[in-house]
Amino acid sequence: LIDLPKESYNKPLSESGGKGDSKPEAKPGVKPEASATAMDAMVFAGDSISEKPAYRSGFLLGDGAGMGKGRTLAGFVVENVARGRKKHCWVSVSVDLYEDAKRDRDLGLGNYAEEKCHNLKSVNYEERFIETATKKKKKGKKGRGGSSSKYDEGVMFTTYNTLIAKNKKTSRLEQLIEWCGGDKPEEFDGLIMLDECHKAKTVDLDEKGDAKVGKQGSSTQTAAAVVELQKRLPRARVVYCSATSVTEPKNLGFMGRLGMWGAGTEFPSGFNQFLQHIHRLGTGAMELHAMHLKSIGAIMARTLSYQACEFDMIDGVSDPKVRNTYNKATELWTDLHAQLADRLVVLRKREEVFDGIDRIQQNNGTLSEEQLFHIELNADSDDEDGLDSDDEDDAVVEQRR
């Protein structure tokens, strides 16, 4: 068993049905409550998220299914709103979770969830969030380049797909960073909650801790955006949330706020030095690091208890109508599977033919009649779909004629 750190966080919320101890004054009209389970996570996250020389450290919420991670994240928002922090960012995997996020945030905040919950995808690309001198001088008026008042505070929800979206002038990532910190992003101290953070696990970092993408590395755009977001907002309170955050050590790269590498650690050169250490020492090293994170309160990973559960084998109950429907569905999927298998055989043969054609053309060889026929047939098929064949295929067809 790992001894948990002693609580020192002064919590402003109360547990459901109880009163909080020596809580600071909350905002007027804010009387939120949280379950004991969520409160535990908030307390340890509050202790863990502390100032470092170069950045503010983070927290990993790794609770299993059914533990209420969404409600706990909502609790983080409510707790920080009660402390007067006005802006927070919630990143998740699906647009459908936007409404769930609004529901989860409604923990005694009145109309806050409806009025202060924003969807980044719905924000116009032309919307700017940097306060100008004009806006500061003329209070109540919107200065050129300033944001509309409805975005002055609240929670900005975005999906990982939206986070990497962009147009010709700007990107959603830049827009989000601007909303969080304006012209001083390094001073932003609100939440960045990376729900289902395993979406960013495919990451490849260089010596400076930047994600390498394209020809330089194997990082996905999502992972690169998550790393950049944390780097540009060094004082943000980052919460990683996933029941399956990583599957192997190299997936840890985007979790730089946990303090396992970087300045002041055993691995000052960065993540790659940490990764080499893990690979050299194996599973034992991974377990030791997990134990260390738990001992300092930087990770919480709980699961539902099965102590009071009972399990019995029960024969399925059905009737002729159900069996008939099931049999028809089985026949349909069997037929579909067979047709797809046949189609795959055809596609593979076609791919092999064109691979051979490509090799011959690269070596300036002569195509056979069969290969020329395949090219012409493919060009005719493209034309039927409203697509013009390219000049090279036209030349081959002309050669055959």
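Basis of the calculations
Residues numbered from 1 in each chain as written. Predicted model: local features only at pLDDT ≥ 70, side-chain atom pairs only at ≥ 80, totals over all residues. Heavy atoms only, no water. Helix = DSSP H or I, 4+ residues; strand = E, 2+ residues; numbered from the N terminus. Buried < 20%, exposed > 50% of the residue type's maximum accessible area, 1.4 Å probe, protein only. Contact = heavy atoms within 4.5 Å. Areas by Shrake-Rupley, 256 points an atom, 1.4 Å probe, with all protein chains shown as cover. Patch = residues over 30% accessible without salt bridge, like charges linked within 9 Å, V, L, I, M, F, W, Y side chains within 5 Å. Salt bridge = Lys/Arg side-chain N within 4 Å of Asp/Glu carboxyl O. Lys, Arg positive; Asp, Glu negative; His and termini not counted. Charge placed at Lys NZ, Arg CZ, Asp CG, Glu CD. Disulfide = S-S within 2.5 Å. pLDDT = per-residue confidence, 0-100. Polar contact = N/O pair within 3.5 Å; in protein donor to acceptor, adjacent residues only side chain to side chain. Axes fitted to C-alpha atoms, helices over the stretch in contact; angles between N-to-C directions. Parallel < 35°, antiparallel > 145°, perpendicular 65-115°, else oblique. Left-handed = near helix turned anticlockwise from the far one by under 90°. Nonpolar A, V, L, I, M, F, W, Y, C, P; charged D, E, K, R; others polar. Pairing = 2+ DSSP bridges. Right-handed = clockwise from strand over helix to strand, strands pointing away.

### Focus: the overall build of the protein
When you go through the protein residue by residue, the secondary structure sums to 13 helices and 9 strands. For the protein, the residues scored as buried account for 40% of the 401 residues in total. A sequence separation of at least 24 residues applies to 66% of the contacts in the protein between residues at least 6 apart. Accessible surface, the protein: about 24100 Å² in total, of which carbon and sulfur atoms supply 49%.

### Some words on a negative patch on the surface
Side chains of Glu351, Glu352, Asp355 and Asp358 sit close together on the surface and give a patch of like negative charge. Tracing the backbone through its elements, the reader meets Glu352 in helix α11 (residues 320–362).

### With respect to the state of the cysteines
Scanning all chains against the criterion turns up 0 disulfides. This cysteine, Cys241, is not joined by any disulfide, and Cys197 carries the nearest cysteine sulfur, 7.0 Å off. Cys241 gets classed as buried once you look at its relative accessible area, which sits at 0%.

### Examining the confidence of the model for the protein
Detailed reading of the predicted model is not advised wherever pLDDT is low. In this model, the protein carries a mean pLDDT of 79, and residues with pLDDT of at least 70 account for 75%. In the predicted structure, residues 14–32 sits below a pLDDT of 50 and forms 39 contacts with residues beyond four places in sequence or in another chain. With pLDDT under 50 throughout, residues 132–145 is counted as low confidence; its partners more than four residues away or in other chains account for 15 contacts.

### Thoughts on a nonpolar patch on the surface
Taken together, the side chains of Trp333, Leu336 and Leu340 define a hydrophobic patch exposed on the protein surface, amounting to about 340 Å² of accessible area. Looking at the secondary structure, you find Trp333 in helix α11.

### Considerations on the side chain of Lys69
If you trace the backbone, Lys69 turns up in helix α2 (residues 69–82). Although Lys69 lies buried, it forms no salt bridge, and the closest oppositely charged side chain, Glu196, sits 5.7 Å away as judged by the N-O distance. Polar contacts involving the side chain of Lys69 include one to the main-chain carbonyl oxygen of Gly64, which spans 3.5 Å. If we ignore the near neighbours within four places in the chain, the residues touching Lys69 are Leu61, Asp63, Gly64, Cys241 and Ala243.

### Looking at the packing of helix α7 (residues 172–181) against helix α8 (residues 221–232)
For the pair α7 and α8, the least separation of the axes is 11 Å and the interaxial angle reads 25 degrees. When the interaxial angle is binned, α7 and α8 end up roughly parallel. In this structure, α7 meets α8 at a crossing whose hand is right-handed. On α8, the residues touching Leu173, Glu174, Leu176 and Ile177 of α7 are Ala225, Glu228, Leu229 and Arg232. Among the residues making up the contact of α7 with α8, the classes are represented as 5 nonpolar, no polar and 3 charged.

### Thoughts on the pairing of strand β7 (residues 191–195)
Side-chain positions along a regular strand alternate between the two faces of the sheet. When you tally the buried positions in β7, you get 5 out of 5 residues, the bulk of the element. Alternating positions in β7 separate into two faces, Leu191, Met193 and Asp195 on one and Ile192 and Leu194 on the other, with burial throughout. Taken together, the 3 bridges between strand β4 (residues 87–92) and β7 define a ladder with parallel strand orientation. Across the sheet, Cys89 pairs through a bridge with Ile192, a residue of β7. Bridging between β7 and strand β8 (residues 237–241) involves 5 bridges; their strand directions are parallel. Considered in β8, the bridge of Ile192 is made with Val238. Note on the crossover from β7 through α8 to β8: the handedness is right-handed.

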